[in-house]
Structure formats: structure tokens, C-alpha cells
Amino acid sequence: MMKKILSSIVLSVFAIAFVTAQNAETCTTVPISHWSIGLKVGANDMDAVPAPATFENRVHLIMGGTVEYSINPLAGIGIEWLNTPYDADINASTTLDANMFHLVPYFSVNLSNLLFSNREGFWKKVNIFGDIGAGYGFYDYSLNDASTKSFHIMLTKAGINAEYNISKLLALCLEGEYFYYDSANIGGVVNDKGFCQALTATVGLRIKFGANRKQHARNICLFEYNPRPAPIVDTKSKELYQDVLNRLKMAQVQQTELQQKVLKLEQEIKDLSTEK
């Protein structure tokens, strides 16, 4: 009898473990598209020497673009091209003709998905990206109409980019970037700080390829990309579990009846010994 009870308990444990394993959640990511390009225009403030006396003379129209591969809704990699002129009339006797092209590979993080994986309504269409990168700047300058000098330098960048998805394919962009140049002489005179830098502000349009065929990585929340599936209901396992419980209850009833018979038999033996 005890063997039957132990067997029933063991079967019960295995049945519970089996049902739990069958109900374990498995996560399958949603298929997404990855590629996009961005076009942008805006203004820059270059910290070059010699520098114009007024802020208006330091600010110039800039334009550029990006090609990006979004690995998933959280991160992406890309390359940025940017034209940043910084020519100016320094004063009555000094003019600077200068221009620079940036070519910068970068890494992008979707801060909105990082901090808020499940967003609804207006905020579902808004994404804030943080970008960091390093690359090369190719520039030339001429002071007072002298011969043009051309150089290339290393540079790093950090930026914040806000995007609003107006459709599956298009997004409006607002971006601010900081550039650090590994040179103190991009304008013909050495900067006392030992380096030069720039700030840019741009507006633009991003075009996302393949977004009509499947969700684009820049359109989807992290919660949607990696959803929590409903537990799998396994009716056969539940039936097995219930059968084991029924057998265990039956074994317990039989054990109780057996104990009662043993007690009755002990009492009868005790009565017989008393009569003798």
C-alpha cells in the first residue's frame, strides 16, 4: 500500500513539472524592416579662428544626410554626411573662405524604447535617439583670398534626434549635434583652446524602406517587437494531472480503510487475550 502511495506522489510531482514546462512562455520577435535614409538642413556655429565678431556671421546654412541600418527597435548603426561651411567677413580687413565635409560612422540608441518599452497614442509616434560617432572631416580654407589650403582631420560627434512618424514610410526629424575636431587650426589661425568644435541644429525628413511590407524598426515599440505570448494550454497534460490526483485520493482512502482494519484486528486480538 505504501508503495502505491509513493508511486502516486511521484507521478503527481512529474505531472506538475510537465504541465509547468508546457505552460512556459516563449518569445518570438516580430519581423521588421531595417534600412532608412535621412535628409536634413539647418545651421551651424563653428568655433574657428579667426572668428567673426557677431553671432550672425558665425552661423551658416548646412545640409546633409544619413544612411542607417536599424538592428532592432533599440539600436542601429549608420553613416552621416554633412556639409558645414564657416566662411565669414571677420572684420574690415580680414575675410575667411572655409568649408568642411563630415563623413562619420555612428551608433544610435532609441532612448524612448530604452526607457519606455510600451507607449500609446501620441508618444508611440515619437522617438528620441541618442547618437555617438567618430570619423573624418575634410576641409579647406583661404584667408584674405590667399591660396586655398586643404586638410583632413579626425572628429567625434554626439547628438540628440527627435522623430515624429507621420506615416509608416516618413518621419519628421529635429536634431542637435556637437562636433569635436582634433585640430586647433581649421580657420588659418591656431585656437588657444587647442581644439575646435561646432554645434549644429537641423530639421529633416527620414524615409524608411520596406515599412509597408512589415513593421519598421523605427516605428515599433520594444514591447510590440518582443511581446509576451499567452501561456500554451495543454489539455492532455491537465487530464493527466487530474488523473494522478484522483489516484492519489483513492490511495489515501484505501490507506485509511487499511488503518481502520488494522486497528480493529488489534482490538480483536486484545479482546481474545483478555478472555483467556
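Quantities reported herein were computed from a predicted structural model and do not represent experimental measurements.

Analysis parameters
Residues numbered from 1 in each chain as written. Predicted model: local features only at pLDDT ≥ 70, side-chain atom pairs only at ≥ 80, totals over all residues. Heavy atoms only, no water. 1 Å grid on protein atoms, 1.4 Å probe; cavity = no way out; pocket = protein on both sides within 12 Å on 5 of 7 lines; lining within 4 Å. Points joined across faces, edges and corners; volume = space filled by probe spheres on them. Nonpolar A, V, L, I, M, F, W, Y, C, P; charged D, E, K, R; others polar. Core = buried A, V, L, I, M, F, W, Y, C linked by side-chain atoms within 4.5 Å. Buried < 20%, exposed > 50% of the residue type's maximum accessible area, 1.4 Å probe, protein only. Helix = DSSP H or I, 4+ residues; strand = E, 2+ residues; numbered from the N terminus. Contact = heavy atoms within 4.5 Å. pLDDT = per-residue confidence, 0-100. Phe/Tyr/Trp six-rings, centres within 6.5 Å; stacked < 30°, edge-to-face > 60°.

### Some points on the layout of surface pockets
Consideration 1: Volume-wise, the largest pocket comes out at about 190 Å³.
Consideration 2: Lining the largest pocket we find K124, K125, N165, S167, K168, A211, K214, Q215, H216 and N219.
Consideration 3: Tallied by class, residues from the lining of the largest pocket come to one nonpolar, five polar and four charged.

### Observations regarding the nonpolar core
Consideration 1: In this structure, M46, Y86, M100, Y139, Y181 and I186 are the most contacted members of the largest nonpolar core, which totals 20 residues.
Consideration 2: Only β4 (88–91), β5 (94–110), β6 (126–143), β7 (149–165), β8 (170–181) and β9 (196–208) provide two or more residues apiece to this core.
Consideration 3: With four residues, β5 is the single largest residue contributor to this core.
Consideration 4: Excluding residues that lie within four positions of it along the chain, Y181 makes contacts with M46, M100, H102, I153, M154, L155, I186, F195, C196, Q197 and A198.

### A closer look at empty space enclosed by the protein
Consideration 1: With the rule as written, the count across this model stands at three cavities of 30 Å³ or more.
Consideration 2: What lines the largest cavity is a set of 20 residues, and nearest its centre among them are K40, T66, N161, E175 and R206.
Consideration 3: Residue assignment for the lining of the largest cavity shows that the elements contributing at least two residues are β1 (35–47), β2 (59–70), β5, β6, β8 and β9.
Consideration 4: Broken down by element, the lining of the largest cavity gets its largest block of residues, five residues, from β9.
Consideration 5: Classifying every residue of the lining of the largest cavity by side-chain character gives seven nonpolar, seven polar and six charged.
Consideration 6: There is about 70 Å³ of room inside the second largest cavity.
Consideration 7: Every residue along the wall of the second largest cavity is listed here: M46, A48, P50, P52, N57, R58, H60, Y86, A88, I90 and L96.
Consideration 8: Elements with a minimum of two residues in the lining of the second largest cavity: α2 (55–58) and β4.
Consideration 9: In terms of residue class, the lining of the second largest cavity is built from eight nonpolar, two polar and one charged.

### Quick look at the confidence of the model for the protein
Consideration 1: A residue-level look at the protein finds 86% of positions with pLDDT of 70 or above and a mean pLDDT of 84.
Consideration 2: Confidence drops under a pLDDT of 50 for residues 1–6, and excluding neighbours within four residues, the segment shows nine contacts in the predicted structure.

### As for the packing of aromatic side chains
Consideration 1: Across all of its chains, the model carries nine aromatic pairs by this definition.
Consideration 2: Consider the rings of W35 and Y69, whose centres lie 5.0 Å apart with planes at 65°: the pair is edge-to-face. Of this pair, W35 sits in strand β1 while Y69 sits in strand β2, and the two are 34 residues apart along the sequence.
Consideration 3: Ring plane angle 80° and centroid distance 5.1 Å describe the contact between F122 and W123, whose orientation is recorded as edge-to-face.

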